[in-house]
Structure formats: structure tokens, C-alpha cells
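Structural features, examined
Spelled out from the first residue to the last, the chains are:
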Amino acid sequence: MAEAADFQGTSPSPARRWLRRTGTLFAGVPLLAGLLQLPAAPPADAAVQSTLQAPSSAGSVSVSVNSLTPSTPTEGDTVTVSGTVTNKGGKAVTDAHVGLRVGPLLNTRSGIDTVARSSDDVQGAVGPEIDDKYSQEFDRLAPGVSQPFSISVPVDELSLGENGVYQLAVALSGRTSAQPWEQTLGVRRTFLPWQPEEADTKTRTTFLWPLISTVHTTAETGSDEQQTPVLHDDDLAKEISPGGRLDRMVALGKDLDVTWVIDPDLLASVDAMTESYEVRSEGDTTTAGGHQTVAKRWLAQVQSAVAGNEVVALPFGDPDLASLAHNGTPVTGSLSHLKEATDVVVNTVEPILHVKPTTDFAWPVNGAVDPSIVKVATSAGADKVIARGDSFRETGDLSYTPSAARPIGGGTTAVVADARLSTLFQGDMTKASTSTSTVQRFLAQSLTLGLQTSRQRSVVVAPQRTPSASQAQTMAEVLKAVQDGNWSESQDLTAAAKAKPDPAATTEVPSASSYPSSLRKQELPQSAFEQIARTQDKLDKFQVILSDPSRVVTPFGRALNRGMSVSWRGRIAEAATYRSGVEAYLDGLLDQVKLIEKSETKLSGRSATIPVTVQNNLVQGVEHLTLRLTSTNPTRLEIGGAAYEEQPVAVSGGHSQSVKFTTSANANGRATVVAQLYTQDGQKYGEPVTFDVKVTEITATVMLVIGGGVLLLVLAGFRMYTQRKRAAAREAQEEKRALDEDTEGPQNPDAPAVRLTKEPGGGSETDAPEQPSDRASDTAPESADPSGTGERVDR
């Protein structure tokens with residue numbers, strides 16, 4: 001057993017020598033038992049290994065360490081280890097006890113990894129057990145039953161020597177009915193960092209604290225003046241509510257010295273929730289969001305937490321740089337979206353957090369890089385790329401972990417995060433045992449890294465983008481322990497990037513073939529960027545006709561940034577649904593400005609006016625549009641004296657306007673006419689409207705008939721005019737004659753006027769008094785002389 005417990009480079013302790021002698025004594029037990037015909041006993045070699053091994057590597061008893069305090073003990077401290085033991089076997093364990101065992105120093109980071117991988121292997125070395133008084137006994141452990149334990153040991157009893165990381169094992173020994181000898185039935189190894197005094201050279205540690213979420217906001221906004229935003233779900237409210245993931249990230253990070261890494265889209269979405277907002281429900285309906293108070297509270301907490309700390313802002317929406325580099329660059333215009341996402345950062349973050357963010361860092365997924373990713377990452381202005389050690393591997397013979405900063409050419413710096421430290425928080429941290437193991441392993445790696453060399457180095461820790469609440473809690477525990485320790489000091493990311501690089505560190509960017517295939521499978525396909533480009537083309541065409549383009553350009557531009565977000569990795573179907581929703585909503589807006597369908601139009605002459613109606617159902621006016629009316633058969637029907645005519649169009653919001661075109665017909669028959677809207681730059685807008693014009697030309701005969709009729713009307717009018725003129729002249733002459741007769745008649749004014757009349761039938765004339773109402777004669781006075789032969793008088 002002593003040999004199994006010994007480690008290379010260490011000398012046997014007195015306890016180990018005693019165990020050797022005990023093992024030799026037990027070796028003779030089988031012979032003695034045989035001579036005395038006692039009950040069967042275990043083989044000699046089993047007896048020697050009884051305190052170290054069990055029939056299976058994992059053991060029949062599960063041991064978990066749920067807490068270890070303090071995580072980094074110093075002189076005079078008491079180490080307390082608490083946890084549970086669970087009998088996973090089918091037989092009860094008797095005469096059991098839990099004890100602590102301290103192994104030798106672990107001098108390498110790879111050695112720590114090895115111990116962590118076999119932390120429950122009962123067949124591995126675990127070191128000698130500390131004094132029995134620092135153990136806990138169990139009379140019986142029934143199958144499937146768990147029992148808690150808690151052991152406290154003064155640090156002086158642990159026999160810790162020089163600074164470094166010690167293996168600390170919690171082992172359960174006991175017996176079963178099948179194997180009635182004492183043996184190790186379960187073990188759990190962890191790590192105990194030992195640095196009781198301040199280190200001469202401390203490692204400068206940068207810890208990234210990400211505030212990033214998935215996509216929640218759509219391109220849709222209300223028609224009101226405030227443009228009420230619409231969220232496709234209300235999950236963000238859960239994340240920022242008390243106890244939610246993002247709420248815990250802020251609450252835990254506010255007391256830590258970290259570099260905040262923030263997606264501006266998250267801030268913009270929560271800021272939108274502080275006012276009126278809508279949430280998309282099933283179908284096309286929306287409901288009013290009601291988490292304004294929660295949103296205001298969370299933003300106030302973020303403002304307080306980041307004050308005095310460095311804030312690194314990613315491009316808006318956290319675009320997937322690797323997907324863009326591998327699948328987006330063949331699509332025209334894809335890189336312009338990254339530039340736009342970078343340009344809007346400062347104006348988004350600063351007004352909300354009241355701090356000026358750093359915008360010159362790019363962070364590819366998992367820090368995996370290749371030349372194309374670096375090229376894309378720096379295309380929008382970033383000159384520092386956050387990589388990771390498992391991608392940016394060391395190719396030299398360095399015996400220590402180099403500083404994070406690596407100049408990679410072109411004025412670009414790769415900030416290589418430590419892979420071991422960065423990936424420790426990706427497990428299920430809801431279990432206390434997992435969280436405790438992660439904390440101790442992180443501290444062990446950090447201390448060992450610091451002891452590798454006397455050179456001062458800058459180390460960066462870049463955890464996963466969206467830690468869960470339990471993972472964030474573990475991260476906070478690690479950071480608090482590191483910051484309270486004696487071998488590390490905090491540093492922000494910008495300082496780490498400016499630190500002097502190690503001359504022997506690798507500066508060659510990994511090749512494209514080294515990019516992990518598992519990550520490549522999760523990338524957005526080229527079709528995603530093609531759809532984004534198609535939507536952008538439609539947006540470009542739409543915005544030029546609007547009186548207020550910002551109402552459309554801003555929400556759709558940010559939605560296109562969200563369409564290429566890292567958060568869509570592993571959710572390709574959801575990503576496609578989001579992009580299609582953005583495009584469909586834009587198509588709906590485009591269709592609000594259109595031409596009204598027309599039925600067949602008839603022309604009964606050589607020229608006529610044709611009206612075409614443009615309808616605008618948007619809330620804002622449209623302008624800079626041109627309506628073109630084209631004849632497909634200009635030899636029969638001309639528009640404006642040519643094959644087509646164009647007229648400018650401007651329509652107020654919610655109105656329609658009719659545009660009139662002058663046409664001229666050259667022949668009878670049917671002609672097809674096409675109406676099409678065009679933007680100012682000559683691009684077609686919307687669908688054309690096609691209708692027929694039936695032309696009926698007037699013949700020469702018809703024209704003669706119509707002309708004759710018009711001439712007759714003119715002649716009739718002339719005749720009526722001359723007759724009336726003659727009648728007026730006769731009347732004037734009669735009145736004059738009557739006036740003359742009155743002057744030559746009797747002087748007696750009282751005498752009645754007498755008019756000679758001839759009775760019909762040739763009777764004699766009689767005198768009749770003239771009445772005032774009698775009209776003057778239409779003919780001149782007849783002569784009193786006898787008529788001549790054959791003379792006739794007309795009446």
C-alpha cells in the first residue's frame with residue numbers, strides 16, 4: 001500500500017513505513033487461517049491494498065464534496081470539508097468511516113487535469129489518511145441511502161509544505177458482507193491551493209463578464225409617433241427579473257473587478273421595454289408588455305455595476321464572425337452589415353449606461369480563429385481579436401503559459417484567453433459538488449500557472465457567452481477567491497492587450513483546416529446571408545420613397561444585424577423563421593404603396609385621358625416616385641405622343657392620388673397598356689398594373705353626317721335671326737305711322753279713334769272705336785281708291 005501511495009520525488013513518511021509493515025503482517029494471514037481452518041479470508045494482495053482499492057474503479061460508494069472552506073487556506077486556518085456519501089451498491093456497508101488524505105504537490109497543469117479526470121477512481125493513489133480523530137464514522141450505510149459528513153482539520157495538521165497545489169482526497173472505507181475486510185469503497189479528489197504569503201510576482205488576471213442574450217426584438221414597430229417596438233417573446237423579462245439569469249449576472253458582477261462585455265442589442269431591447277411595447281402572440285396578434293418596472297430596475301443596476309469598470313461593447317446583435325467569414329463573404333454587402341453594427345454601438349451604449357464603451361475588440365465564437373475570421377473581425381475597425389488557447393495553440397517549447405497578447409501582423413493583436421480556465425464553467429453548476437470542484441480546480445490551475453516562472457504574465461479568462469445563473473454564481477466564487485488570494489491581481493482587458501508579449505509565444509494564426517468541425521456545423525449557411533442581402537435590397541428600394549426613412553431604416557437595419565447573431569448557433573430553424581419574418585413584414589410595408597387595378601377602358605375618339613390611381617396606406621407620405629404608362633402597341637395607341645409617358649408621384653399617408661395621362665388613337669382595335677411605378681433611380685417599385693384600351697375610330701361618313709347636321713343648325717339659327725330682325729323693323733315702322741295719324745286727325749281729343757275695317761266676305765267697312773289694347777296692323781294702310789282689275793289684297 002505504501003508503494004501505491006508514494007509519488008515520484010517523495011520519501012516514505014513514518015506513516016507509510018508503518019503501513020508497509022502492516023501489509024507484510026497481513027500477508028501471512030491466509031496461511032494462518034488455512035492452518036486453523038478459519039473462515040475464508042481475502043487474498044494476501046487484497047489485504048495489502050484494502051485501504052486503497054475496491055473491486056471497481058469508481059467504487060460502490062459515491063463521495064461528493066459539496067463545500068471546502070476556505071478555498072485558499074493560510075496559516076492558522078481550519079479547513080472544513082462537507083459533503084455526502086451514498087451507497088450505490090446492492091449490499092450494506094458496515095464499519096465505515098470518512099477520512100481526509102493529502103497527496104503530494106501537483107507541479108504541472110496537466111497533472112491537475114489528470115487528477116480531475118479520475119477524481120473518483122478508488123484504484124488510484126490517494127495518499128495516507130490524516131489522524132483518525134479527523135474522520136467521521138458510520139455504523140451502517142444501507143443500499144441507496146445517503147449520509148452527510150463534515151470534517152474540520154486545522155491546516156497545521158495537513159502537513160502542507162512548500163507553496164503549490166496539493167491533492168486532497170475524501171475517502172470512505174468500510175466492509176460489506178461479500179468482502180468482509182476493510183477497503184476503500186469510495187473516493188473524491190479535489191485540490192487545495194497553498195500560498196499563505198504574498199507572491200513576489202503576481203499573475204495579472206483579466207476576467208470577462210458577459211452580458212449577452214438571445215434575439216428578442218423584431219423589426220416590427222407600431223404606427224404611433226413613438227414607434228412602439230414589438231418583441232417576438234417575453235423571455236427577456238424573465239432573464240432580467242429578480243432571480244433571472246441576467247439579474248444574477250449583474251448582482252454578482254457588481255462587486256467584482258471584471259471587464260464587462262456587452263451586446264448593445266440587449267441594452268436597446270431592455271431600454272425599449274421601459275416604455276410601451278408589444279409582445280407577439282399566436283398568429284398576427286400582439287399583446288401589451290407589462291414589465292416596464294422590471295426593465296427600469298435592471299438598467300439602473302447595470303449602470304451602477306459598470307461604473308468604474310471597463311465596458312467592452314460588441315457589434316450590435318453580436319454578429320457571428322465565423323459564419324460571416326466562412327459563408328457570408330461570397331454574398332455582396334454582407335460585410336457592410338458588420339460595419340453598420342459597429343457604427344451604432346457608441347450611440348446605443350453610452351446614452352443608456354452613461355459610460356463610453358471600448359469598441360475595438362472582436363470576439364469569435366469560443367475564441368476559435370483562422371485567417372478569414374481575423375480578416376472579417378478587423379474589417380469593421382476592431383484591431384484586437386479575443387482568441388482562445390485551444391485554437392491558438394503554442395508550437396514552441398515554452399515551459400510556461402505565455403501572456404495573452406500576441407501581435408499577429410497588420411497592427412492586429414490576438415488576445416489569447418487561457419483555455420483551461422475559460423472552459424471550466426460549462427458544466428451543470430446547480431449541484432454544489434460540481435460547483436465546489438470547479439472552484440478548486442480553477443484555483444489550482446491559476447496558482448500552478450503563477451508558479452511556473454518568475455516572469456509576470458497577463459492571463460485572460462473568457463467564459464461562455466451566456467452563463468446560467470448557477471454558472472455565474474460559480475464564476476463569482478472563483479473570482480472572489482482569486483482576488484482574495486496571494487498570487488493574482490486584477491487587470492482590465494485593454495491593459496492585457498497592451499501587455500508586453502512573450503517573445504517565444506506563438507503569433508501565427510491557425511489555418512482554416514484547423515477550425516473545429518463541430519463549430520463549423522453550427523454556422524449560419526450562405527442562404528441566410530443571401531436572404532439578408534435580398535431583404536436589404538428591398539429596404540434600399542423602399543427607403544428612397546419615404547418622407548421619413550428613419551422610421552423604417554433603423555428598425556429593419558438592426559433586425560438584419562440580429563439575423564446574423566451568434567445566438568442562432570444550434571438553432572438554424574429558429575434563425576430562418578426570424579429572418580423570414582423580417583422579410584415578410586417588409587414585403588407587407590412595400591405592398592402598402594401600390595397601383596389600383598383597372599378594368600378595360602374604352603376610347604371613342606382620337607384622343608382621351610386615362611387616369612391611373614396610386615394608393616398609399618402607410619402612415620407617412622411617399623415621394624420621389626415616378627409613374628410610367630406604356631402602350632404595348634404605340635402604332636395604334638400613343639401615350640403623351642409617344643410609346644410611354646412618365647409623371648412624378650407624391651401621395652400623403654393614408655391617401656390615394658389619380659394621375660392622368662393623355663392618349664391618342666391612330667386606328668381602331670384593342671391596345672394593352674402597362675402602368676408601373678419607378679423609384680428615383682429608375683428601379684421598378686411594386687407590381688405593374690396591365691389593362692386593355694379599346695379604341696373605336698370615327699369614320700368619314702359619320703363625320704359628314706355630323707357636319708351636315710351642324711350646318712343645318714347654323715342655317716336655321718340664321719333664318720330665325722333674320723326673321724326676328726325684319727319683324728322688329730316692321731313694328732318700328734307701324735309705330736311711326738300710328739304716331740303720324742294721331743297728329744293729322746280731329747282736334748277734339750275726346751273723340752274716339754276710328755279704324756276702318758273690312759268685314760270678312762267682302763262686307764263694307766265699318767267704323768269701330770280703337771281700344772287701347774288693339775295692336776297696330778301688321779300691314780300698311782290700304783288705299784281708298786277702287787282696286788284695279790284682278791287686284792287681290794292679302795290679310
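The paragraphs below set out a description of the structure included in this document. (Residues numbered from 1 in each chain as written. Predicted model: local features only at pLDDT ≥ 70, side-chain atom pairs only at ≥ 80, totals over all residues. Heavy atoms only, no water.)

**Description of the sheet that holds strand β25 (residues 637-639)**
- Read across the open sheet, the four strands follow the order β21-β23-β27-β25; overall the sheet is antiparallel. Edge strands, defined here as strands with exactly one partner in the open sheet, are β21 (593-595) and β25. Averaged over all adjacent pairs, the angle separating strand axes in this sheet is 30°, with direction ignored.
- Summarising the sheet, strand β23 (residues 607-616) and strand β27 (residues 655-665) pair through 10 bridges and their orientation is antiparallel. Pairing of Gln615 across the sheet is with Ser656, part of β27. (Pairing = 2+ DSSP bridges. Helix = DSSP H or I, 4+ residues; strand = E, 2+ residues; numbered from the N terminus. Axes fitted to C-alpha atoms, helices over the stretch in contact; angles between N-to-C directions.)

**Observations regarding the pattern of salt bridges**
- Going through the model one piece at a time under the given rule, you end up with 27 salt bridges.
- Here Asp265 makes a salt bridge to Arg562, at a shortest N to O gap of 2.8 Å. Linking Asp265 in helix α8 (residues 264-273) with Arg562 in helix α20 (residues 550-562), this pair joins segments that are 297 residues apart in sequence.
- Accessibility expressed as a relative area gives 6% for Arg562, which makes it buried.
- One salt bridge connects Glu523 with Arg569, and the closest N-O pair in it is separated by 3.8 Å. Here Arg569 lies in the loop between α20 and α21 (572-590) and Glu523 lies in the loop between α18 (517-520) and α19 (526-543), a separation of 46 residues in the sequence. (Salt bridge = Lys/Arg side-chain N within 4 Å of Asp/Glu carboxyl O. Buried < 20%, exposed > 50% of the residue type's maximum accessible area, 1.4 Å probe, protein only.)

**Section: the pairing of β27**
- Here β25 pairs with β27 via three bridges, running antiparallel. Among the inter-strand pairings, Glu638 is bridged to a residue of β27, identified as Ser664.

**Looking at the environment of Val459**
- Here Val459 shows up in strand β19 (residues 458-461).
- Along the backbone, Val459 and Ala496 are 37 residues apart, and their C-alpha atoms lie at a distance of 7.4 Å.
- Not counting the four nearest positions on each side in its chain, Val459 is found in contact with Thr203, Arg204, Thr205, Thr206, Asp418, Leu421 and Leu449. (Contact = heavy atoms within 4.5 Å.)

**Some details on the sheet that holds strand β9 (residues 217-221)**
- Here four strands make up an open sheet; going across it, the order is β9-β10-β12-β13 and the pairing mixed. Where the open sheet ends on each side, the last strands, each with one partner, are β9 and β13 (286-288). Between one strand and the next, the sheet's axes are offset by a mean angle of 35°, whatever the strand orientation.
- Sheet analysis places strand β10 (residues 229-231) next to strand β12 (residues 278-280), joined by two bridges and oriented parallel.

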